[in-house]
Amino acid sequence: MIAPGRRPYTPANVGTWATMTAAVSLRGLEKSFGALETIAGVDLEIEAGSFVSLIGPSGCGKSTLLRIVAGLETPSGGQVLVDGEPAVSARRHKRVAMVPQHPGLLPWRSVRANARLLLDVNSKANGPTTKDPIELLERVGLGSFLDAHPHELSGGMQQRVALVRALALGAPLLAMDEPLAALDEITRAEMRGLLNQLVEGHNVTTLFVTHSISEAVALSDRVLVSSPRPARIVADIPIDLSRPRPDDVDDDAHFFDLCTQVRHALLKGAE
Amino acid sequence: MSRATRYVAPVVGLVVFFAAWELLVRALDIRPFVLTRPSQIVRYMFRFPHDYFRAALITMKHAALGFAIAVVVALVIGAAMAASRFIEYATQPVLTLIAVTPFAAYIASVKIGLGVFSDKPVVFIVALVSLPAFAFAAADGMRGADPSSRELLASVDASRWEVLWHLRMPSALPALFTAAKYNVGLALVVAYLAEGGTGGLGQIGSRAIAGNQGDRLWAAILSMAILGTISLILLNVLQRAVMGWHVSQRSDDG
C-alpha cells in the first residue's frame with residue numbers, strides 16, 4: 001500500500017518524475033572553500049513528497065550540499081531552488097526544517113519548550129501548516145516527558161525531540177544531516193521505523209544525508225550516491241520497496257539487492 | 001557523603017576556627033585593635049545591634065546596586081563583544097585597564113566628583129570595579145554558545161535579538177555566575193572602602209580606626225564577613241533556581 005500523496009520511485013516513471021513539481025532543484029551547483037573544491041557541478045531534481053537519501057564517503061561534501069539547500073551556505077556557482085524559490089529566501093520563509101546530527105536541544109528549555117523553539121523564533125514567518133508540537137511529542141512517545149529537560153532524556157529520546165521540533169514547523173522540506181549517526185544500533189532501528197511513520201502520508205519532502213547504506217535503503221524512495229570530494233552524483237538508485245515500510249524491511253531479499261547496488265555504486269564512485 | 005555530614009562539617013570548621021582565634025588572642029595577649037577576641041566582638045555587636053544592622057543594609061544596598069548595574073552594562077558590552085571582533089579588540093584594553101587600576105587610588109576623586117555624602121560615587125565605583133569580570137564572562141559565555149544550535153536558529157532566519165535571547169544569554173549564565181561569585185566579595189570590599197559620609201559599615205570602620213576603637217572596628221569587620229556569607233548564599237540559591245538544568249547544579253549524591 002502506498003501512502004496518500006506518495007508513490008514508489010521506479011525506473012519506469014523516472015521520466016514523469018522529472019516533469020512534476022520539484023521540491024528541490026539544483027542546477028550546476030558548485031562550491032569551493034578557497035582553493036578547495038567541495039561540490040563540482042551537481043544537477044538534481046527532488047520531487048515533492050519524496051524521501052531522498054544522499055550517501056557518500058566522509059568529507060565528500062554531502063553536508064555542505066545539505067547546508068546549501070537549507071540556505072545556510074552560499075554556492076560558488078549554479079542555482080538552488082527550494083519549493084520554487086531561492087534557498088536563502090526559502091530559509092527566510094521557514095520552508096526548510098533542519099534536523100542536525102546532534103539534537104542541539106537547549107539544556108535550559110524543557111522538552112515542550114525545545115519542541116516549539118523553531119516556532120518561537122521568526123514567528124511571523126510561521127505558515128498555516130505548522131503542527132502542534134505537543135501532539136507530535138505524544139505521537140513519538142514523549143507525552144510523559146513534556147516538562148523534562150534534555151539531560152533527563154536518552155540519546156534516542158533527544159533525537160525524537162529534535163525530529164518533532166523540525167516537523168512542527170510544517171515546512172515542505174525536511175533537511176536531515178546524519179540524525180541517527182550518534183545512536184546505538186537498536187535505537188537507530190526504532191528511529192528508522194518512527195521516521196518512516198512520521199513522513200509517510202505527510203507530503204513532506206526529505207533530503208537525508210547518511211553514511212549508512214541500510215538506513216538509506218530502508219527509508220528512501222531514491223538513493224543518490226556521491227563521489228569523494230568534490231561531490232558529484234555518480235548514481236541515482238530508485239528504491240522500489242512498497243510503502244508503508246514494515247519495521248522488518250531489512251529482512252526482505254530485495255532489500256539486500258538494493259543495498260548491494262548502492263554499495264557497488266559507492267565503490268565505483270570512489271574509483 | 002551523607003546530608004548531615006554536609007551541614008555539620010562546615011559548622012565544626014567554623015567553631016574550631018573561632019575557638020583557635022579566641023585562645024590565640026588570650027594566650028598571646030594581643031591588643032584589641034590588632035585582633036579582638038570573637039567573644040568581645042559579638043558582645044560589642046549586641047550592644048549596638050541596630051547600628052550594625054542599619055549600616056549593613058546600607059552597605060548591602062551600595063554593593064547590590066553597583067553589582068546589578070555592572071551586570072546589565074556587562075551584558076550589553078558582552079553581547080557587542082561576542083558579535084564583533086572589532087568591538088571585542090577595542091573594548092578589551094579598556095576593561096583590562098579598569099581591572100588592573102587599583103580602585104582605592106581614585107576613590108577620593110570620584111567621591112569629590114559625584115558628591116562626598118552621596119551614594120552615587122560608592123555605587124559607581126562598585127559597578128566600575130565589578131564590570132570587567134562580568135563583561136569578559138558575558139562575552140566568553142555568549143561566544144561559546146553551541147554552534148549546532150546557532151546553525152539551527154539560523155536555519156529559520158532567527159534575528160540577532162532572538163539568538164541573543166534564546167541562545168547566547170542563557171549560554172553565558174554559567175560564566176556569569178562564576179564571575180558573580182568572584183565579584184561579590186570584591187563589590188563588598190569596594191563598598192566598604194568607598195563609604196564614609198554615606199553611612200554603612202565602611203563609615204563605622206573608618207571612624208573606629210580614627211578613634212582607635214578595636215572592638216568597634218572588628219565588629220564592622222565581622223559584620224562584613226556575615227554580609228559576604230549571606231550574599232554568597234543568596235547567589236547560590238539564585239544560581240540553583242535559574243540554572244537547575246546545568247551539570248554544576250545537579251546533585252552528586254547519585
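Since this is a predicted model, take the numbers as computed values, not measurements.

S.K.: Could you give me a rundown of the environment of A:Leu207, with the residues and numbers involved?
M.R.: All names here are of chain A. Note on placement: Leu 207 falls in strand E8 (residues 205–210). Under the relative-accessibility criterion, Leu 207 is labelled buried at 1%. Taking C-alpha positions, Leu 207 is 16 Å from Ala 162, a pair spaced 45 residues apart along the chain.

S.K.: Please provide a residue-by-residue account of the interface of chain A and chain B, values included.
M.R.: At the interface, 23 residues of chain A touch 18 residues of chain B. Of the roughly 1900 Å² buried between chain A and chain B on both sides combined, carbon and sulfur atoms contribute 65%. The largest contributions to the chain A side of the interface with chain B come from A:Trp108, A:Val121 and A:His151, which together make up 31% of the buried area. Summed over the shared surface of chain A and chain B, the result is 2 salt bridges. One salt bridge in this structure joins B:Asp157 and A:Arg91, with 3.4 Å as the shortest N-O distance. At the junction of chain A and chain B, the tally comes to 8 residue pairs in polar contact (both at pLDDT 80 or more). When residues of the side of chain A that touches chain B are traced back to their parent elements, those giving at least two are helix H3 (87–92), strand E6 (96–99) and helix H5 (117–120) of chain A. For the side of chain A that touches chain B, the leading source of residues is H5(A), giving 3 residues.

S.K.: Give a detailed account of helix H2 (residues 38–47) of chain B, specifying residues and quantitative values.
M.R.: All names here are of chain B. For H2, the set of buried residues is Pro 38, Gln 40, Ile 41, Tyr 44 and Met 45. In a view along the axis of H2, the buried residues occupy a sector of 160°, so they form one face of it. Counted as exposed and oriented over 90 degrees from the buried face of H2: Arg 43, Phe 46 and Arg 47. Of the surrounding secondary structure, the elements contacted by the buried residues of H2 are helix H1 (3–28), helix H3 (49–83) and helix H10 (214–242).

S.K.: I'd like to hear about the pairing of strand E7 (residues 173–177) of chain A, residue by residue, with values.
M.R.: All names here are of chain A. In terms of residue burial, E7 counts as a mostly covered element, since 5 of its 5 residues are buried. Taking every second residue as pointing to the same face, both faces of E7 are buried, with Leu 173, Ala 175 and Asp 177 on one and Leu 174 and Met 176 on the other. With 4 bridges joining them, E6 and E7 adopt parallel strand pairing. Each residue of the ladder has a partner; that of Val 96, found in E7, is Leu 173. Of the strand pairs in this sheet, E7 and E8 are connected by 5 bridges, and their pairing is parallel. In the strand pairing of E8, Met 176 is matched with Phe 208.

S.K.: Mind laying out the confidence of the model for chain B, listing which residues take part and the relevant values?
M.R.: All names here are of chain B. Of the residues in chain B, 98% have a pLDDT of 70 or more, and the chain-wide mean is 92. Mean pLDDT across the elements of chain B ranges from a minimum in helix H5 (residues 103–114), with 91, to a maximum in helix H6 (residues 120–143), with 95. The ipTM for the predicted assembly is 0.86, set against a pTM of 0.82.

S.K.: If you had to explain the packing of H6(B) against helix H8 (residues 160–194) of chain B to someone new, which residues and values would you point to?
M.R.: Residue and element names in this part refer to chain B. Running from N to C, H6 and H8 cross one another at 150°; their axes reach a closest spacing of 7 Å. As summarised for this structure, H6 and H8 are arranged roughly antiparallel, according to the angle between their axes. The crossing of H6 and H8 is right-handed.

S.K.: How would you explain a nonpolar patch on the surface if you had to name every residue and give the values?
M.R.: On the surface, B:Val8, B:Val12 and B:Val16 cluster together into a nonpolar patch covering about 250 Å² of accessible area. As for its position among the elements, B:Val12 is in helix H1.

S.K.: Just give me the short version of the nonpolar core, but keep the residues and values in it.
M.R.: If you look at the biggest cluster of nonpolar residues, it comprises 135 residues, and the most contacted ones within it are A:Leu26, A:Leu65, A:Leu174, B:Ile125 and B:Leu201. Here this core gets 15 residues from one element, more than from any other, and that element is H8(B). Setting aside its immediate chain neighbours within four residues, A:Leu174 contacts A:Ala97, A:Val99, A:Ala166, A:Leu167, A:Val199, A:Val204, A:Thr205, A:Thr206 and A:Leu207. A:Ile213, A:Val223, A:Val225 and A:Cys259 belong to the second-largest nonpolar core, a separate cluster that totals 18 residues.

Parameters at a glance
Residues numbered from 1 in each chain as written. Chains lettered and ligands numbered in written order. Predicted model: local features only at pLDDT ≥ 70, side-chain atom pairs only at ≥ 80, totals over all residues. Heavy atoms only, no water. Helix = DSSP H or I, 4+ residues; strand = E, 2+ residues; numbered from the N terminus. Buried < 20%, exposed > 50% of the residue type's maximum accessible area, 1.4 Å probe, protein only. Contact = heavy atoms within 4.5 Å. Buried area = accessible area lost by both parts, 1.4 Å probe. Salt bridge = Lys/Arg side-chain N within 4 Å of Asp/Glu carboxyl O. Polar contact = N/O pair within 3.5 Å; in protein donor to acceptor, adjacent residues only side chain to side chain. Arc of directions from axis to C-beta. Pairing = 2+ DSSP bridges. pLDDT = per-residue confidence, 0-100. Axes fitted to C-alpha atoms, helices over the stretch in contact; angles between N-to-C directions. Parallel < 35°, antiparallel > 145°, perpendicular 65-115°, else oblique. Left-handed = near helix turned anticlockwise from the far one by under 90°. Patch = residues over 30% accessible without salt bridge, like charges linked within 9 Å, V, L, I, M, F, W, Y side chains within 5 Å. Areas by Shrake-Rupley, 256 points an atom, 1.4 Å probe, with all protein chains shown as cover. Core = buried A, V, L, I, M, F, W, Y, C linked by side-chain atoms within 4.5 Å.

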